[in-house]
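Geometric and topological summary
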Amino acid sequence: MTTSGITPWTVLAARVFMGAFFLYEATNQIAKGWIGGEGLKNMLTSALRDHSIPGPYRSFLENVVVEHDQLFTLAVIPGEIAVGAALVVGVATRFTAITALLMNVNFAIMNSVVTAGGLFDVLFIVAETLLLAFASRQALSVDGMLVHRGLASWWLSGVLPEARPASPPHQPARA
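Attention here is on the structure that accompanies the text. Numbers given for residues are sequential positions, taken from 1 along each chain in its written order. In keeping with the model being predicted, local features are shown solely for residues with a pLDDT of at least 70 and side-chain atom pairs are shown and tallied solely at 80 or more, while totals for entire chains, interfaces and linings include all residues. In computing side-chain values, all of the structure's heavy atoms are included and hydrogens and water are not.

With that out of the way, let us pick up the packing of helix α5 (residues 93-111) against helix α6 (residues 116-134). Viewed as axis vectors pointing N to C, α5 and α6 meet at an angle of 160°, and their least axial separation amounts to 8 Å. With respect to α6, the axis of α5 lies roughly antiparallel. Crossing hand, α5 versus α6: left-handed. Together, T93, R94, A97, I98, A100, L101, N104, V105, F107, A108 and N111 of α5 and G117, G118, D121, V122, F124, I125, E128, T129, L131 and L132 of α6 make up the contact between the two elements. Under the scheme applied here, ten amino acids are nonpolar (Ala, Val, Leu, Ile, Met, Phe, Trp, Tyr, Cys and Pro), four are charged (Asp, Glu, Lys and Arg), and all others, including Gly, are polar. Its residues placed into classes, the contact of α5 with α6 shows 12 nonpolar, six polar and three charged. Angular values range over 0 to 180 degrees, each being the angle between N-to-C directions of two axes fitted as lines to C-alpha atoms, with helices fitted over their stretch in contact. The numbering of helices and of strands both runs from the N terminus, where a helix is a DSSP run of H or I of at least 4 residues and a strand a run of E of at least 2. Angle categories: roughly parallel below 35 degrees, roughly antiparallel above 145, roughly perpendicular from 65 to 115, and oblique for all the rest. Each crossing gets its handedness from the near helix: less than a right angle anticlockwise from the far helix is left-handed, clockwise is right-handed. Any two residues whose heavy atoms approach within 4.5 Å at even a single point are treated as in contact.

We call a set of buried Ala, Val, Leu, Ile, Met, Phe, Trp, Tyr and Cys residues a nonpolar core when their side-chain atoms join them within 4.5 Å. Residue burial is assigned from relative accessible area. The probe radius is 1.4 Å, only protein chains are included, and a residue is buried under 20% of its type maximum, exposed over 50%, and partly exposed in between. Ranked by size, the top nonpolar core spans 14 residues in total, and within it V11, M18, F22, V83, L87, M103 and L131 carry the most contacts. Contributions of two or more residues to this core are made by α1 (8-31), α4 (69-89), α5 and α6. Once you skip the residues sitting within four places of it in the chain, M18 turns out to touch L87, F124, A127, E128 and L131. In this structure, A26, L44, I53 and M110 belong to the second largest nonpolar core, which totals 13 residues.

Here we come to unusual backbone geometry. Phi angles above zero are rare outside glycine, and A92 is one such case at about 50°. Note on placement: A92 falls in the loop between α4 and α5. Positioned with a positive phi, L140 is a non-glycine residue whose angle comes to about 50°. Residue placement: L140 occurs in the loop between α6 and α7 (142-148). The class for L140 is exposed, based on a relative accessible area of 63%.

Patch members must show over 30% relative accessible area and no salt bridge, and they are joined within 9 Å when carrying like charges or within 5 Å when they are nonpolar side chains of Val, Leu, Ile, Met, Phe, Trp or Tyr. Values of accessible area rely on a 1.4 Å probe in the Shrake-Rupley scheme; residue burial ignores everything except the protein chains shown. The salt bridge criterion pairs a side-chain nitrogen of Lys or Arg with a carboxyl oxygen of Asp or Glu, the two atoms within 4 Å. A contiguous nonpolar surface patch, about 530 Å² in accessible area, is contributed by V113, V114, L119, V122, V126 and L130. Among the secondary structure elements, V113 is positioned in the loop between α5 and α6. Of the residues examined, V113 reaches a relative accessible area of 44% and is grouped as partly exposed.

Looking now at the packing of aromatic side chains. Aromatic pairing here means that ring centres of Phe, Tyr or Trp (its six-membered ring) are within 6.5 Å. Orientation follows from the plane angle: under 30 degrees is stacked, over 60 is edge-to-face, and everything else is tilted. A full pass over the atoms with the stated rule returns eight aromatic pairs. Residues F21 and F120 carry aromatic rings whose centres are separated by 4.8 Å and whose planes lie at 55° to one another, so their mutual orientation is tilted. Here F21, found in helix α1, pairs with F120, found in helix α6; they are 99 residues apart in sequence, far enough to count as distant. F120 gets classed as partly exposed once you look at its relative accessible area, which sits at 29%. Put simply, the rings of F17, F21, F22, Y24, F120 and F124 touch in pairs and so form one group of aromatic residues.

See the structure below:
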């Protein structure tokens, strides 16, 4: 256990679970015929009818998303697949966690936090925030392998290995 109580294996488990869930949702939507179908439009119409959605966001859903549901379907499903796959393998973990966080904030507002779906979205928001904060502590990630090869970026999750102190220049012995 680390001093913060967050182990690399805990971060790995959360990351893989969330990634698998995003992939499950995307494949489920594809299987239900959302691409070229009415899946997103029907879900949004139901959410608008059944949930208390804040005014500006309600207007955005009604006037933009529902009106262009196929465009949003073609953005959301590949987005869920990309986020899911990136989380499962641990690549660009911080960037992926931010993307997933933005998706789940939108889903939580749409679902209303008093529903099971909304509470699940809030749970994911918390987990994605923790993943963002503790991304450098995860086990078994592509990011970690890249860092060990010297490729580092804030968007990746790894921490650069400690640099070795430079040896002093070789001085010839004096006679």
